[in-house]
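# Structural features, examined
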There are 2 protein chains.
Amino acid sequence: MNEIASMLAEAGLRPTRQRTAVAEALARSGRPVTAQALHARLTRSRPGPGLATVYRTVQALAEAGLARTFPAGDGELAYKLCDPGHHHHLICEGCGLVIEIPSCEVEPWAARAARRRGFALSSHQAEVFGLCADCSGQARGRRSAARA
Amino acid sequence: MNEIASMLAEAGLRPTRQRTAVAEALARSGRPVTAQALHARLTRSRPGPGLATVYRTVQALAEAGLARTFPAGDGELAYKLCDPGHHHHLICEGCGLVIEIPSCEVEPWAARAARRRGFALSSHQAEVFGLCADCSGQARGRRSAARA
DNA sequence: CCCTAGTCGAGAATGATTATCATTTCAATT
DNA sequence: AATTGAAATGATAATCATTCTCGACTAGGG
Ligand SMILES: [Mn+2]
Ligand SMILES: [Mn+2]
Ligand SMILES: [Zn+2]
Ligand SMILES: [Zn+2]
């Protein structure tokens, strides 16, 4: 039983062939993917899990805390395997790369903001957007080329 | 020309009867509302703007920076009139109340996180969740009553 | 008043997500 | 190895928020 399969088992999800395929594809991608895209990728060549199963699996992973959701394109939801436990994200607007920021330095601010307004703090959420090294490198390259 | 109408005009949107009605309803609500809910509210008794117009208007307001979007329920989008300019939100999980946090104390953290990983910072986003005074008061009251 | 770009809105179309439900697979037990 | 009740799957239909279409209507400058 490989890495992914045991991860599913620990979360109380039977590591079926289909679920394992979905979770593996998700892990292989490393960045948020929609259920639709995942299904397309899994059935392009070989026959793969049905669309309904892909939806059920990514939702189960999210409920188990093994995946997070990201708003994609229009109103769609993209999923990405994530470390359980509190952390934030650094997201590249160029290529969609997502990097986890494990240490939370936002908590004190959140607590202060809540207390100051009579709120009982429950949680907070924060994301940083930018261009990863590769993407900003390309942009810089393109700009130089145009100038030359 | 009232408050709302001139706000629309300044944003380059003709203050038609329909758009004004939508923006006024949005302002009256004070908390995020979906286009559907807004349309229902506007047409319950009197005849109001068409559904397509409600969608067009809230989207225009968002593009103009006069409204922000909040993920609602499942994958739907809710809109709320917001101050233009950078700020964060304190959101009550009980009643949906949204309070703006104008001063940004998150910027330094975002800049540091981005730089440390070779990202060119572009923006950041942060929200605090909890229970407003009213909602946590009710919860406390209910608990005491049960105990008594 | 006239004209034209901008708006409206009723209804059809789109497309992601969810629900059905008959069939298959799991995994634990005889 | 055979049995079995529960969980999972998937082809298909159903939902339902959002977007499109396009003919009719308006605002508002000249
Ligand atoms: Mn993560
Ligand atoms: Mn706001
Ligand atoms: Zn990138
Ligand atoms: Zn509240």
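So, a few notes on the structure that sits alongside this text. (Residues numbered from 1 in each chain as written. Chains lettered and ligands numbered in written order. Predicted model: local features only at pLDDT ≥ 70, side-chain atom pairs only at ≥ 80, totals over all residues. Heavy atoms only, no water.)

All names here are of chain B. Around the manganese ion (ligand 2), the donor atoms from the protein are Cys 82 (SG), His 87 (NE2), His 89 (NE2) and Glu 100 (OE), and they sit 2.0 to 2.3 Å away. Read in sequence order, the donor residues for the manganese ion (ligand 2) give the motif C-x4-H-x1-H-x10-E. Under the relative-accessibility criterion, Cys 82 is labelled buried at 7%. Since its relative accessible area comes to 6%, His 87 is described here as buried. (Donors = N, O, S within 2.8 Å, 3.2 Å for Na, K, Ca; no water. Buried < 20%, exposed > 50% of the residue type's maximum accessible area, 1.4 Å probe, protein only.)

For the rest of this paragraph, the subject is the layout of surface pockets. The calculated volume of the largest pocket comes to roughly 1,500 Å³. The set of elements that each furnish at least two residues to the lining of the largest pocket consists of strand S2 (67-72), strand S3 (76-81), strand S4 (88-92) and strand S6 (120-131) of chain A together with strand S2 (67-72), strand S3 (76-81), strand S4 (88-92) and strand S6 (120-131) of chain B. Counting residues per element, the lining of the largest pocket draws most heavily on S6(B), which supplies six residues. Of the residues in the lining of the largest pocket, the class split is 14 nonpolar, 20 polar and ten charged. (1 Å grid on protein atoms, 1.4 Å probe; cavity = no way out; pocket = protein on both sides within 12 Å on 5 of 7 lines; lining within 4 Å. Points joined across faces, edges and corners; volume = space filled by probe spheres on them. Helix = DSSP H or I, 4+ residues; strand = E, 2+ residues; numbered from the N terminus. Nonpolar A, V, L, I, M, F, W, Y, C, P; charged D, E, K, R; others polar.)

Now for the sheet that holds S6(A). An order of S5(A)-S4(A)-S6(A)-S6(B)-S4(B)-S5(B) is seen for the six strands of this open sheet, with the pairing classed as mixed. Each edge of the sheet is formed by a strand with only one pairing partner; in this case those strands are strand S5 (98-101) of chain A together with strand S5 (98-101) of chain B. Across this sheet, the average inter-strand angle for adjacent strands is 20°, counted without regard to direction. The sheet contact formed by S4(B) and S5(B) spans four bridges and is antiparallel. Residue Leu90(B) lies in a different strand from S5(B), and its bridge partner there is Ile99(B). The strands touched by helix H5 (residues 107-116) of chain A are S6 of chain A together with S4, S5 and S6 of chain B; relative to S6(A), the strand with the most contacts, the crossing angle is about 130°. Sitting on the sheet, helix H5 (residues 107-116) of chain B is in contact with S4, S5 and S6 of chain A together with S6 of chain B, with an inclination near 130° to S6(B). (Pairing = 2+ DSSP bridges. Axes fitted to C-alpha atoms, helices over the stretch in contact; angles between N-to-C directions. Contact = heavy atoms within 4.5 Å.)

Our focus in this paragraph is the sheet that holds S3(B). All names here are of chain B. In space, the three strands of this open sheet follow the order S1-S3-S2, with antiparallel pairing throughout. The two strands at the open ends of the sheet, each matched to only one other strand, are strand S1 (33-34) and S2. Bridge count for S1 against S3 is two bridges, and the pairing is antiparallel. Within the sheet, the bridge partner assigned to Val 33 lies in S3 and is Tyr 79. Relative to S3, helix H4 (residues 51-63) is tilted by about 60°, and along the sheet it contacts S2 and S3.

All names here are of chain B. At a minimum axis distance of 10 Å, the contact between helix H2 (residues 17-29) and H4 shows a crossing angle of 65°. Taken together, H2 and H4 sit at an angle that is classed as roughly perpendicular. Here the hand of the crossing between H2 and H4 comes out right-handed. Residue-level contacts link Gln 18, Arg 19, Val 22, Ala 23 and Leu 26 of H2 to Thr 53, Val 54, Thr 57, Val 58 and Leu 61 of H4. Its residues assigned to classes, the contact of H2 with H4 comprises six nonpolar, three polar and one charged. (Parallel < 35°, antiparallel > 145°, perpendicular 65-115°, else oblique. Left-handed = near helix turned anticlockwise from the far one by under 90°.)

For the match of chain A to chain B, the screw axis carries a shift of 0.1 Å, the RMSD comes to 0.1 Å, and the turn is 180°. This pairing of chains is accounted for by a two-fold axis. No C-alpha of chain A lies nearer the rotation axis than that of Ala126(A), which sits 2.0 Å from it. Most of the interface of chain A is mirrored in chain B, where 100% of its interface residues are also at the interface. (Least-squares fit on C-alpha atoms with pLDDT ≥ 70 in both.)

Another point: the protein's contact with DNA strand D. Taken together, 16 residues lie near DNA strand D, and Thr16(A), Arg19(A), Arg56(A), Tyr55(B) and Gln59(B) sit nearest. The sugar and phosphate moieties of DNA strand D supply 76% of its atoms located within 4 Å of the protein. Side-chain polar atom of Arg19(A) to a phosphate oxygen of DNA strand D: 2.3 Å apart, as the coordinates give it. Between DNA strand D and Thr53(A), the relevant distance is 2.8 Å, taken from a phosphate oxygen to a side-chain nitrogen or oxygen of the residue. Of all the secondary structure elements, the ones that give two or more residues to the surface near DNA strand D are helix H2 (17-29) and helix H4 (51-63) of chain A together with H4 and S3 of chain B. Broken down by element, the surface near DNA strand D gets its largest block of residues, four residues, from H4(B). (Near = heavy atom within 4 Å. Polar contact = N/O pair within 3.5 Å; in protein donor to acceptor, adjacent residues only side chain to side chain.)

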